[in-house]
Amino acid sequence: MGRSAEVTRNLQAPRPEGRGNFKLRHYPALRLVDKVVAECRKLDPNLPAKLAIPLANRTLTPIELVKANALLEEVRSRLTALAGGDTDLLFAYRRKVFKELMYDERSKPAVRVRLKKLKRVKQAGLCAICVGPLPEKDSVLDRLHAVEGYTEENTRLICRDCDLRTQTERGFA
Ligand SMILES: [Zn+2]
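As a convention, each chain's residues are numbered from 1 in the sequence order in which they are written. Under the rules for a predicted model, residues below a pLDDT of 70 receive no local features and side-chain atom pairs below 80 are neither given nor counted, while totals for whole chains, interfaces and linings still include all residues.

How would you explain the overall build of the protein if you had to name every residue and give the values?
Strands here are runs of E lasting at least two residues and helices are runs of H or I lasting at least four, both read from the DSSP assignment and numbered beginning at the N terminus. From N to C terminus, the protein includes 6 helices and 2 strands. Listing every helix and strand of the protein by position from the N terminus yields α-α-α-α-α-β-β-α. Taking contacts inside the protein between residues at least 6 apart in sequence as the whole, the part at least 24 apart equals 61%. Throughout, a pair of residues is in contact if the C-beta atoms placed from their backbones lie within 7 Å.

So, in structure tokens, the structure goes:
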């Protein structure tokens, strides 16, 4: 695939609404990307003005952080009370709550597995970023905006290397 075809392909990728609390310092490569987009739009004004850009997640303010930690302490003491000194029971309760909260944030594994298969077919087995072939087993379902969850519009399948780079650009790694 040629460079311009690749740019066009990226321009056609689904875009989240707005950039939210997007911070440019998390995406040093975007200054260059924005220039490339501007140049492409001179050639074809019908191209969208913005690329599919992963958004930075909402973070807690110091006051919200204090509230979150208080809630966490409350949950911990409720779990301890519920277990009544039984260490194995405490483990089981904690594990159950942990798992369900994780599903709230990441969806159940079956949902992600189904979406991964669908994305692999739709992307013709290629990474959505570098357009290299995705390994049979090892690929990452990436959310463009984490809060919008694992939906078809909000995800793309990428290779491990691109995931690592994306996480670093987002300031997670
Ligand atoms: Zn890749």
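Tell me about the nonpolar core, and name the residues and values.
Note on terminology: a nonpolar core is a set of buried residues of type Ala, Val, Leu, Ile, Met, Phe, Trp, Tyr or Cys, with members joined through C-beta atoms within 7 Å. Partly exposed residues are those whose C-beta has more than 12 but fewer than 20 other C-beta atoms within 10 Å; with 20 or more the residue is buried, with 12 or fewer it is exposed, and the C-beta atoms are placed from the backbone. Core analysis: the biggest nonpolar cluster contains 7 residues, these being Cys127, Ala128, Leu134, Leu157, Ile158, Cys159 and Cys162. Not counting residues up to four positions away in its chain, the partners in contact with leucine 157 are Lys116, Lys119, Arg120, Gln123, Ala128, Leu134, Ser139 and Leu141.

So, the confidence of the model for the protein: which residues are in play, and what are the values?
Per-residue confidence from the predictor is reported as pLDDT, a score between 0 and 100. Put simply, the protein has an average pLDDT of 81, and 72% of its residues get 70 or more. Element-level pLDDT for the protein is lowest in helix 1 (residues 3-11), with a mean of 47, against a maximum mean of 97 in helix 3 (residues 62-83). This stretch, residues 1-24, has a pLDDT under 50; its non-local contacts, to residues over four places away or in other chains, come to 32 contacts.

Got a sec to walk through helix 4 (residues 87-106)? Specific residues and values, please.
Here the expected span of a helix is defined as 1.5 Å times the quantity of residues minus one. Helix length check: helix 4, at 20 residues, gives a terminal C-alpha distance of 28 Å against a target of 28 Å (1.5 Å per residue), a fit within 8%. With 0 of its 20 residues buried, helix 4 lies for the most part at the surface. Of the residues one or two after helix 4, serine 107 is the one with positive phi, at around 70°.

Would you mind going over unusual backbone geometry in detail, with residue names and values included?
What you tend to see is this: most non-glycine residues have negative phi, and most peptide bonds are trans. Phi at serine 107 takes a positive value of approximately 70°, unusual for a residue other than glycine. Summarising the element assignment, serine 107 is placed in the loop between helix 4 and helix 5 (109-122). On the basis of neighbour count, serine 107 is assigned to the partly exposed category, with 16 C-beta atoms found within 10 Å. At alanine 124, a position not held by glycine, the phi torsion is positive, near 55°.

Can you break down the environment of lysine 122 residue by residue, with the values?
Relative to the elements of secondary structure, lysine 122 occurs in helix 5. For the pair lysine 122 and leucine 157, spaced 35 residues apart in the sequence, the C-alpha separation amounts to 9.7 Å.

How would you sum up the packing of helix 3 against helix 4? Please name residues and give values.
Every angle, taken between N-to-C directions, lies between 0 and 180 degrees, and every axis is a line fitted to C-alpha atoms, over only the stretch in contact when it is a helix. At a minimum axis distance of 8 Å, the contact between helix 3 and helix 4 shows a crossing angle of 135°. Classed by the angle they form, the pair helix 3 and helix 4 counts as oblique. As helix 3 packs across helix 4, the resulting crossing turns out to be right-handed. Every residue of helix 4 that contacts helix 3 at Leu79, Thr80, Leu82 and Ala83 is listed here: Leu89, Leu90, Tyr93, Arg94 and Val97. We call two directions roughly parallel when the angle between them is under 35 degrees, roughly antiparallel when it is over 145, roughly perpendicular when it lies between 65 and 115, and oblique otherwise. Each helix crossing is assigned a hand: it is left-handed if the near helix lies turned anticlockwise from the far helix by less than a right angle, otherwise right-handed if that turn is clockwise.

I'd love a proper account of helix 3, names of residues and values included.
For helix 3, spanning 22 residues, the distance from its first C-alpha to its last is 32 Å, which sits close to the expected 32 Å at 1.5 Å a residue. Burial runs low along helix 3: only 0 of the 22 residues are buried.

Residue-level account of the environment of tyrosine 150, with values.
Within the fold, tyrosine 150 resides in the loop between strand 1 (140-143) and strand 2 (155-158). Take tyrosine 150: there are 18 C-beta atoms within 10 Å of it, and that puts it in the partly exposed class. The spatial distance from the C-alpha of tyrosine 150 to the C-alpha of lysine 108 is 9.8 Å, given a sequence separation of 42 residues. Those residues within four positions of tyrosine 150 in sequence are excluded, and the remaining contacts are Ser107, Val111, Arg112, Leu115, Leu141, Arg143 and Thr155.

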